[in-house]
Amino acid sequence: MHTPVARVSVTPAAAALLHKLQALHGPLLFHQSGGCCDGSTPMCYPRSEFRIGARDVYLGAIADTPFYIGGDQYLYWQHTHLTIDVVPGRGAGFSVETPEGLRFLTRSRLYSDEEWARLEAQGEPPRGPQE
């Protein structure tokens, strides 16, 4: 039996920032959208301040933080593994890392044929709030 293929992962630097932000803000969540204002920036919010919709897709958790992607965006990115990283710069919009002088960034790569076959066997990821 194979270990499930992760749809999202986090770099050590981004995980460290997430832990710092959790200490400041409490439980967090990520939402990756394809909105016009913030482009496709991964946005990090206090869990109590962002409402997950029924069409949002749950990709998994990184550093104890649930990660969702908008349903329409998922259709475009379903063949890619997402890695959340952090780089110097100003965060977007209302994302909690904005005052830290850093911003989260999504890096992506296509799944290998073997990974894609395993993902297909796993089935579609769940939609709507998971926690």
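Structure's up top.
A brief look at the structure comes next. (Residues numbered from 1 in each chain as written. Predicted model: local features only at pLDDT ≥ 70, side-chain atom pairs only at ≥ 80, totals over all residues. Heavy atoms only, no water.)

What follows is about the sheet that holds strand β5 (residues 65-69). Spatially, four strands are ordered β3-β2-β5-β4 in an open sheet, and the strand pairing comes out mixed. Each end of this open sheet is capped by a strand with a single partner; those strands are β3 (42-46) and β4 (57-62). Within the sheet, the average angular offset between the axes of one strand and its neighbour, ignoring direction, is 25°. Bridge count for strand β2 (residues 28-32) against β3 is five bridges, and the pairing is antiparallel. When the sheet's bridge partners are listed, Q32 is paired in β3 with P42. Each of β2, β3, β4 and β5 touches helix α1 (residues 12-25); the most contacted strand, β2, lies at about 120° to it. (Pairing = 2+ DSSP bridges. Helix = DSSP H or I, 4+ residues; strand = E, 2+ residues; numbered from the N terminus. Axes fitted to C-alpha atoms, helices over the stretch in contact; angles between N-to-C directions. Contact = heavy atoms within 4.5 Å.)

Now for the packing of aromatic side chains. All chains considered together, the criterion is met by five aromatic pairs. When the centroid spacing of 5.0 Å and the interplanar angle of 80° are considered together, the rings of F30 and F104 count as edge-to-face. Taken as a pair, F30 in strand β2 and F104 in strand β7 (residues 102-110) lie far apart in primary sequence, 74 residues in all. Here F30 falls in the buried class, since its relative accessible area comes to 0%. Taking the relative accessible area as the measure of exposure, F104 reaches 0% and is therefore buried. Ring plane angle 55° and centroid distance 5.3 Å describe the contact between Y58 and Y68, whose orientation is recorded as tilted. Taken as a pair, Y58 in strand β4 and Y68 in strand β5 lie far apart in primary sequence, ten residues in all. With respect to class, Y58 is no different from Y68; both count as buried. (Phe/Tyr/Trp six-rings, centres within 6.5 Å; stacked < 30°, edge-to-face > 60°. Buried < 20%, exposed > 50% of the residue type's maximum accessible area, 1.4 Å probe, protein only.)

Honestly, that's just the spatial picture; any functional story needs more than this.
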